[in-house]
Amino acid sequence: MPLSRSLSMTSLNGLPLWEDEDLPVEDLLLFEVAWEVTNKVGGIYTVIQTKAKITVDEWGENFFMVGPYFEHNVKTQVELCEPPNPAVSKAMETLRNNGCQLYFGRWLIEGSPFVILFDIGAAAWNLDRWKGEFWDTCGIGLPFHDREANDSLIFGSLTAWFFKEFQDKPNVIAHFHEWQAGAGLILTRSRKIPIATIFTTHATLLGRYLCAGNADFYNNLDKFNIDKEAGDRQIYHRYCMERAAVHCTHVFTTVSQITAIEADQMLKRKPDVVTPNGLNVKKFSAMHEFQNLHSMNKARIQEFVRGHFYGHLDFSLEKTLFFFIAGRYEFSNKGADIFLESLSRLNFLLRVHKSDVTVVVFFIMPAKTNNFNVETLKGQAVRKQLWDTAHSVKEKFGKKLYDALLKGEIPDMNKILDRDDLTIMKRAIYATQRQSLPPVTTHNMLDDSTDPILSNVRRIGLFNSRTDRVKIIFHPEFLSSTSPLLPMDYEEFVRGCHLGVFPSYYEPWGYTPGECTVMGIPSVTTNLSGIGCFMQEHVADPAAYGIYIVDRRFRSADESCNQLTQFMFGFCQQSRRQRIIQRNRTERLSDLLDWRYLGRVSRDNQKTLCSTPVCFASKALFLSVAKPIRSIPIVCGTLIIITSSIVSIYSFGRLLYSKQALQEC
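Residues numbered from 1 in each chain as written. Predicted model: local features only at pLDDT ≥ 70, side-chain atom pairs only at ≥ 80, totals over all residues. Heavy atoms only, no water.

Q: What exactly am I supposed to notice about the side chain of His-475 here?
A: Tracing the sequence through the fold places His-475 in strand β14 (residues 470-475). Using a relative accessible area of 3% as the deciding quantity, one classes His-475 as buried. Ignoring sequence-local partners within four residues, the contact set of His-475 consists of Phe-363, Ile-364, Met-365, Thr-442 and His-443. (Helix = DSSP H or I, 4+ residues; strand = E, 2+ residues; numbered from the N terminus. Buried < 20%, exposed > 50% of the residue type's maximum accessible area, 1.4 Å probe, protein only. Contact = heavy atoms within 4.5 Å.)

This is the structure in structure tokens:
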């Protein structure tokens, strides 16, 4: 059934799974091609990683991921082995005999999918020849100085070459992600390699650049001179690769309705279907434990805050809320600009209302640094020294108290602590004194004076002073459990926070609010993000479930900023009990973002997909006579349409194949 706007979240727990049929995948091979296979760059890594398990469960050893080889990633994430499929093994051997280096193994994530990794550097000697062939094929020339585009061409050429070795082999379906994999799709189609192709754009290349340049993007979508805008930004060749891939593929998909509108204008092709991104909710599921996990991880964040603000810890940690923003360092696109301005206004409101609530805000955005900030390291060292001192005195105090009680005496508190103990404690107290304010950033920035976040912090004057009710900590690295500063993984950190704030201007989907939701943490998103639009469409009152949606499409920047400020101020006014109730309601939305259920959202797209058929690989499957279009029912989230000599196939969240379709062919 299609999800309705008035859907009751209480009913999600009782949703039955799709009744899977036995899939005849013995003679079918599914390849997922992406630059982020084993290579974390952005959100696509999360997409392919989270849906790996459910795809492996359905396709077994006939599912492969294809990506670039980076030695440092392979050493820590991949278990190398020999391919069990003879067709794959033979194709790899052919490439190796022609001087290419490629690696096969299991990616050590949930599901342990097979991966095929091409060594880009080892094949770079072919670059000039392949650039010439690419020009002859589609008239797209790549400048020598654009290393990313050149690497994408090498990757694409190797991918197409690999697929070419599968002619007269089992049927092949190839799913390409983003423009970096687009060259492989273009070459595959131009060489008439008989495989079914799907291309997914998670964000248009030009759209990302235009939004980063502060263009009024969504109000002028139909007014941009696309070729001129791409040329002015020196990405015309990349734009051509992306657009060519979109028009070459059999099925074109994107991840949200707002990105579908953008793709129609920017790439001149309307997506055949919208496939919302999901999460492997089971991975995050903690049942009734998620409240305890929040408490445990909040305590670890509090320990870091004690060290970071030593000497200025004049606020109660029990009345301190932790907000955060995380993602790629795209200052305007990710909404860091409006977030900082809203924090300034929130600080004013909290001070005017004489609130005893303190808000500590973390910016988790990787930037160029050269080392940890010495003052930040010192803070953690001081905290640890105080902790050790307190424990040492406590042990001596406890022993003397125990001895006195054994003798039946009420201990004299003036004698139970000797002068040495008092001296040690006084020295520890003096060690916490500092003349400077707590640092805003935890690392030494390479370009401190022009960094967008730090420049705006200076503008709004939030320097972590005693009078500020909003404190800022900029952590310009991804979180890691091995960090000497904040030894927490991202998942642990999110669970310990109270609110995630992601007021993005350009966010085709938005995994960060989704991850907050499945972990029971309220979040702020916008109606310009895919997940924000998704929640508005399928949840009657998102704010009641801890999903605050800022209107950045139909309001001015100042109005949006005020709305975000009011959301955060209202959150600060909640009692602890109210926050606990809200976290329970937020966590109940988890099933809505599960890969297992997102296939249901796709029923509304059947008519659209019917009009865009996909040529399938095997000629044996082609119909010999023209027949009326007929729609095979959705099976496990898959829609298959058969017409004369064509087969359309796509899975919403999963790529599957219908036994019924094979039998009817």
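Once the structure has been displayed, the description carries forward.
Q: What exactly am I supposed to notice about the side chain of His-294 here?
A: Note on placement: His-294 falls in helix α13 (residues 290-308). Sequence-distant contacts of His-294, that is, excluding residues within four places in its chain, are made with Arg-495, Gly-496, Cys-497, His-498, Ile-521 and Arg-583.

Q: Just checking my understanding: could you explain the pairing of β14 for this structure?
A: Side-chain positions along a regular strand alternate between the two faces of the sheet. For β14, the tally of buried residues reaches 6 of 6 residues, placing the bulk of the element in the interior. Neither face of β14 is open: one carries Val-470, Ile-472 and Phe-474, the other Lys-471, Ile-473 and His-475, and all of them are buried. One ladder, built from 6 bridges, connects strand β11 (residues 358-364) with β14; its direction is parallel. In the strand pairing of β14, Phe-363 is matched with Phe-474. (Pairing = 2+ DSSP bridges.)

Q: What exactly am I supposed to notice about helix α10 (residues 236-248) here?
A: Helical geometry note: an α-helix holds 3.6 residues per turn, so side chains three or four residues apart project in the same direction. Taking 1.5 Å as the rise per residue, α10 with 13 residues should run 18 Å; its terminal C-alpha atoms sit 18 Å apart, in good agreement. For α10, the full list of buried residues reads His-237, Arg-238, Tyr-239, Cys-240, Met-241, Glu-242, Ala-244, Ala-245 and Val-246. (Expected span 1.5 Å × (residues − 1).)

Q: I'm lost on the confidence of the model for the protein chain in this one. Help?
A: For residues with low pLDDT, the predicted coordinates do not support detailed interpretation. In the predicted model, the protein chain carries a mean pLDDT of 83, and the fraction of residues at 70 or more is 84%. Predicted confidence in the protein chain is weakest over strand β18 (residues 630-635), with a mean pLDDT of 27, and strongest over strand β15 (residues 499-501), with 98. This model gives residues 1-23 a pLDDT under 50, and the stretch forms 53 contacts once residues within four places in sequence are excluded. pLDDT under 50 marks residues 599-665. Its contacts with residues more than four places away, or in other chains, come to 176 contacts. (pLDDT = per-residue confidence, 0-100.)

Q: Got a minute to help me understand the pairing of β11 in this structure?
A: Within β11, 7 of the 7 residues are buried, which leaves it mostly tucked inside the rest of the structure. Of the two faces of β11, the one lined by Thr-358, Val-360, Phe-362 and Ile-364 and the one lined by Val-359, Val-361 and Phe-363 are each fully buried. Pairing analysis gives 7 bridges linking strand β10 (residues 320-326) to β11, with the strands arranged parallel. Paired with Phe-322 across the strands is Val-360, a residue of β11. Since β10 and β11 lie parallel, the crossover through helix α14 (residues 336-352) that links them has a hand, and here it is right-handed. (Right-handed = clockwise from strand over helix to strand, strands pointing away.)

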